[in-house]
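One letter stands for each residue in the lines below.
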Amino acid sequence: MAVKKPRKKTKPIKKTTGKGGNYRPTKSGAGMTKKGVKAYRKANPGSKLKTAVTGKVKKGSKAAKRRKSYCARSLGQLKRSSAKTRNDPNSRIRQARKRWKC
C-alpha cells in the first residue's frame, strides 16, 4: 500500500489592509510596513529584515550600500517579469523601486 504524501501548506495571501496588513498598497510604494517588518522579525528570531531606504543618504554609508544592492536585485526581478508588469508604471516592482529611489 502506497503512503500518501502530506499536502503542502499554502502561503497566506499578502494583505495590504485590515488585520495582518503588513504590506503597503501599490499606490503608496509597495513593500512592507514597519509593523510588517516587526511582525516578521518576531516570527523569525535572528532575522535582519529592515524597511526601505527612502531618505537622503551619505555616499558610501551602510544605507547607501543597502539601496544600491536592492536596486541591483530588483532590476533583475524587473527584467525577468512579464512585459505587462515591466511596462506598467503602477506595478508593485516599479512602485517599490520608485520608493527606494532606484
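A. Representation of the overall build of the protein chain in the model. Secondary structure assignment for the protein chain yields 4 helices and 0 strands. Taken from the N to the C terminus, the helices and strands of the protein chain come in the order α-α-α-α. In the protein chain, buried positions account for 24% of the 102 residues. In the protein chain, the share of contacts with a sequence separation of at least 24, taken over all contacts with a separation of at least 6, comes to 39%. With an accessible surface of roughly 8900 Å², the protein chain has 56% of that area assigned to carbon and sulfur atoms.

B. The arrangement of the environment of Cys71 in detail. Tracing the chain through its elements places Cys71 in helix H2 (residues 62-80). The spatial distance from the C-alpha of Cys71 to the C-alpha of Cys102 is 5.5 Å, given a sequence separation of 31 residues. Beyond its immediate sequence surroundings of up to four residues, Cys71 is in contact with Arg97 and Cys102.

C. The nonpolar core, seen in detail. Listed in full, the 8 residues of the largest apolar core are Ala30, Ala52, Val53, Tyr70, Leu78, Ile93, Ala96 and Trp100. Only H2 and helix H4 (92-99) provide two or more residues apiece to this core. Ignoring any residue separated from it by four or fewer positions in sequence, one finds Ala30 in contact with Arg24, Pro25, Arg92, Gln95, Ala96 and Arg99.

D. Structural detail: H2. Taking 1.5 Å of rise per residue, 19 residues should cover 27 Å, and H2 covers 27 Å from first to last C-alpha, within 8% of that figure. Within the span of H2, buried status applies to Ala64, Arg67, Tyr70, Cys71, Ser74, Gly76 and Leu78. Of the surrounding secondary structure, the elements contacted by the buried residues of H2 are helix H3 (83-87) and H4.

E. The side chain of Thr33, seen in detail. By the secondary structure assignment, Thr33 is in the segment before helix H1 (34-43). Residue Thr33 is classed as buried on the basis of its relative accessible area, which comes to 17%. A polar contact is formed between the side chain of Thr33 and the backbone nitrogen of Gly36, at a distance of 3.0 Å. Residue contacts for Thr33: discarding those within four places in its chain leaves Gly21, Asn22, Tyr23, Arg24 and Thr51.

F. Region of interest: a positive patch on the surface. Together, Arg41, Lys48, Lys50, Lys62 and Lys65 make up a positively charged patch on the protein surface. In this fold, Lys65 is placed in helix H2.

G. Summary view of unusual backbone geometry. For Ala30, which is not glycine, the phi torsion reads 55 degrees and is therefore positive. Topologically, Ala30 is positioned in the segment before H1. Residue Ala30 is classed as buried on the basis of its relative accessible area, which comes to 2%. You will see that Lys101, though not glycine, has its phi angle at about 65 degrees, which is positive. Looking at the secondary structure, you find Lys101 in the segment after H4. By relative accessible area, Lys101 is classed as partly exposed at 49%.

So, how was this worked out
Residues numbered from 1 in each chain as written. Predicted model: local features only at pLDDT ≥ 70, side-chain atom pairs only at ≥ 80, totals over all residues. Heavy atoms only, no water. Helix = DSSP H or I, 4+ residues; strand = E, 2+ residues; numbered from the N terminus. Buried < 20%, exposed > 50% of the residue type's maximum accessible area, 1.4 Å probe, protein only. Contact = heavy atoms within 4.5 Å. Areas by Shrake-Rupley, 256 points an atom, 1.4 Å probe, with all protein chains shown as cover. Core = buried A, V, L, I, M, F, W, Y, C linked by side-chain atoms within 4.5 Å. Expected span 1.5 Å × (residues − 1). Polar contact = N/O pair within 3.5 Å; in protein donor to acceptor, adjacent residues only side chain to side chain. Patch = residues over 30% accessible without salt bridge, like charges linked within 9 Å, V, L, I, M, F, W, Y side chains within 5 Å. Salt bridge = Lys/Arg side-chain N within 4 Å of Asp/Glu carboxyl O. Lys, Arg positive; Asp, Glu negative; His and termini not counted. Charge placed at Lys NZ, Arg CZ, Asp CG, Glu CD.

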